[in-house]
Amino acid sequence: MEVAAGLSITRINVPDVVAVGEGGWFQCEFTKGESVYALKWYLGLDEFYRWTPAETPAIRTFPVKGNPLTVDKAASNRGRIKIQNFKLGATGLYRCEVSAEAPSFHTETAVATLSVVDLPDEKPRIVGVQSAYQVHEEVTVNCSSYNSFPPATLSFYVNDEPAEPSWVTHYPPTEDPENGLKTSVLGLQFPLRPNLLLSGGRAMVKCTAAIGDNYWESSVVAVHSDTPHQASVMEGRASSSPSHGAAVMSAWWVVRVVAVMLLLHLQ
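Residues numbered from 1 in each chain as written. Predicted model: local features only at pLDDT ≥ 70, side-chain atom pairs only at ≥ 80, totals over all residues. Heavy atoms only, no water.

A. A look at the overall build of the protein. Scanning the protein from N- to C-terminus turns up one helix and 19 strands. Sorting the 267 residues of the protein into buried and exposed places 33% on the buried side. Per element, the accessible surface of the protein, about 15,600 Å² overall, is 55% carbon and sulfur. (Helix = DSSP H or I, 4+ residues; strand = E, 2+ residues; numbered from the N terminus. Buried < 20%, exposed > 50% of the residue type's maximum accessible area, 1.4 Å probe, protein only. Areas by Shrake-Rupley, 256 points an atom, 1.4 Å probe, with all protein chains shown as cover.)

B. Seen up close, the pairing of strand β13 (residues 153-158). Residues Leu154, Phe156 and Val158 of β13 are buried on one face, while the alternating residues Thr153, Ser155 and Tyr157, pointing to the opposite face, are not. Relative to strand β18 (residues 202-211), β13 runs antiparallel, the two being bridged by six bridges. Within β18, the position partnered with Ser155 by the bridge is Thr208. Bridge analysis of β13 against strand β14 (residues 161-162) gives two bridges, and the strand direction is antiparallel. Residue Val158 lies in a different strand from β14, and its bridge partner there is Glu161. (Pairing = 2+ DSSP bridges.)

C. Focus on the pattern of salt bridges. Per the counting criterion, the structure on display carries six salt bridges. The partner of Arg11 in a salt bridge is Glu29, with the nearest N and O atoms 3.4 Å apart. One end of the pair, Arg11, is in strand β1 (residues 9-13); the other, Glu29, is in strand β3 (residues 24-30), and 18 residues separate them in sequence. (Salt bridge = Lys/Arg side-chain N within 4 Å of Asp/Glu carboxyl O.)

D. Representation of the sheet that holds strand β19 (residues 215-224) within the structure. With antiparallel pairing, the four strands of this open sheet are ordered in space as β14-β13-β18-β19. The two strands at the open ends of the sheet, each matched to only one other strand, are β14 and β19.

E. Fine view of the environment of Glu164. Of note, Glu164 is situated in the loop between β14 and β15 (168-170). Along the sequence, Glu164 and Phe190 sit 26 residues apart, while their C-alpha atoms lie 8.7 Å from each other.

F. How the structure looks around the side chain of Asp72. Within the element layout of this structure, Asp72 appears in strand β7 (residues 70-77). An unpaired buried charge is present at Asp72: no salt bridge exists, and Lys82, the closest side chain of opposite charge, is 4.2 Å distant. Those residues within four positions of Asp72 in sequence are excluded, and the remaining contacts are Lys82 and Gln84. (Lys, Arg positive; Asp, Glu negative; His and termini not counted. Contact = heavy atoms within 4.5 Å.)

G. Spotlight on the state of the cysteines. With the rule as written, the count across this model stands at two disulfides. The disulfide that involves Cys28 links it to Cys96, with 1.9 Å between the sulfurs. One disulfide, between Cys28 and Cys96, carries an S-S torsion of -85 degrees and so falls in the left-handed class. Of this pair, Cys28 sits in strand β3 while Cys96 sits in strand β9 (residues 92-100); the two residues are 68 residues apart in sequence, bridging distant segments of the chain. Shown here is the disulfide that connects Cys143 with Cys207, its sulfur atoms set 2.0 Å apart. When the S-S torsion is -85 degrees, as for the bridge of Cys143 with Cys207, the disulfide is left-handed. (Disulfide = S-S within 2.5 Å.)

Here is the structure:
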């Protein structure tokens, strides 16, 4: 039986955010003092773990509606418990409660919150890109991040620069009625200006998807221009013109010299 002076909880710790299917550790530390009757963990109003040092077995677990988490009893001890296989239903307020034996029956509690996220199954998907565009033609694409909770935050970049706000259209996320997961959609429309074209006559469009500090992915597509590179054509014409003109002038002077010499000879 645990004995200490002045029973009180000194520390409670649970992960701030976890992903569906992951595990983690909960810790509830207390001062030694009065005889400890029990330490209990609750999710909301539902007790799911109890450590009673005077009983055998000392650790017991209890089901919670929807089975949003699993306690690894073999790895748990006192107020430190190992949790496996978090589900979305495990999001909520957790309470650690430590109570003393008679005669005081003194009880201390502490609380902490945890959020469970369901990450997208794939990278963001960009759709609507044509095989080629004319210069100044409007480029219209959508980016989607499927089946997550909460919905992912999407952002567009053109040539690694944030897209101008006027180019971006925000749509409300859609929800799958069967599992409650959300799909984010973001629209982009911009004119394919000449200054946006990189080498090879293309612009690069990137879409990023993020969920807090737990998830970040991106996808990139190339937007091609089908307009020929005019500079090289004009340069070719300009470079050929002087040599052609020089040849004509040279032939004209030869003809003139020959004509003068013939006139002199006839005289």
